[in-house]
Amino acid sequence: KRKAELRAQAGKRWDRRYRVVIFDISIKRKGLRDRLRRVMKECGFVQIQKSVWLHPYDCEELMALIKADLHIGKDVSYMVVEEIENDGWIRKHFKLPERT
């Protein structure tokens, strides 16, 4: 259901903001960390650094559900970002309009 929810948003008009999810989960909880990465990938996020993931459409509610489901509320932060330098590859990946 999560995947379908985000894929449906791909048809929406992009508001020119990125949704960035960062997390800091201890090596002692590697299984949980791997599970979160797997869920992010399944939902269409792209990994931009080891613990930094990005999606171009609003997914705050989805992230709240994932955090509650995995019991990782304090370990994960959701941000809405206006600009990312050198984002051409991100725009290409998500088929977003080029910078004007």
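In the block above lies the structure referred to throughout.
A quick note: this is a predicted structure, and the numbers were derived from the prediction, not measured.

**A closer look at the packing of aromatic side chains**
Taken as a whole and judged by the stated rule, the model has one aromatic pair. Look at Trp14 and Tyr18: their rings are 5.3 Å apart centre to centre, the planes differ by 50°, and that puts the pair in the tilted class. Judged by its relative accessible area of 1%, Tyr18 falls in the buried class.

**Brief notes about the pairing of strand β3 (residues 52–55)**
Residues Val52 and Leu54 line one face of β3 and the alternating positions Trp53 and His55 line the opposite face, and both faces are buried. Bridge count between strand β1 (residues 18–23) and β3: four bridges; the pairing is antiparallel. In the sheet register, Val20 faces β3, and the bridge partner there is Leu54. Of the strand pairs in this sheet, strand β2 (residues 46–49) and β3 are connected by three bridges, and their pairing is antiparallel. Within the sheet, the bridge partner assigned to Gln47 lies in β3 and is Trp53. The turn joining β2 and β3, which pair antiparallel and follow one another in sequence, is formed by two residues.

**Some points on unusual backbone geometry**
A positive phi angle, near 65°, is found at Arg16, a position not held by glycine. On the basis of relative accessible area, Arg16 is assigned to the partly exposed category, the value being 36%. Within the chain, Lys95 stands out as a residue other than glycine whose phi angle is a positive 60°. When you line up the elements, Lys95 lands in the segment after α4 (88–94).

**Description of the nonpolar core**
If you look at the biggest cluster of nonpolar residues, it comprises 18 residues, and the most contacted ones within it are Leu36, Phe45 and Met63. Breaking this core down by element, the ones donating at least two residues are β1, α2 (30–42), α3 (60–70) and β4 (76–81). Within the second largest apolar cluster, 12 residues are counted, among which are Trp14, Val81, Ile84 and Leu96.

Cut-offs and rules
Numbers given for residues are sequential positions, taken from 1 along each chain in its written order. It should be noted that, the model being predicted, local features are given only for residues of pLDDT at least 70 and side-chain atom pairs only at 80 or more, the latter also being counted only at that level, while totals for whole chains, interfaces and linings use all residues. Values reported for side chains reflect all heavy atoms of the structure, with hydrogen atoms and water molecules removed beforehand. Two aromatic rings, drawn from Phe, Tyr or Trp (for Trp, its six-membered ring), form a pair once their centres lie within 6.5 Å of each other, and the interplanar angle then sorts them: stacked below 30 degrees, edge-to-face above 60, tilted otherwise. Relative accessible area decides the class of each residue, using a 1.4 Å probe on protein chains only: under 20% of the type maximum gives buried, over 50% gives exposed, and in between gives partly exposed. Strands are runs of DSSP state E lasting at least two residues, helices are runs of H or I lasting at least four, and both sets are numbered from the N terminus onward. Strand pairing requires that DSSP identify at least two bridges connecting the strands. Note on terminology: a nonpolar core comprises buried Ala, Val, Leu, Ile, Met, Phe, Trp, Tyr and Cys residues joined through side-chain atoms within 4.5 Å.

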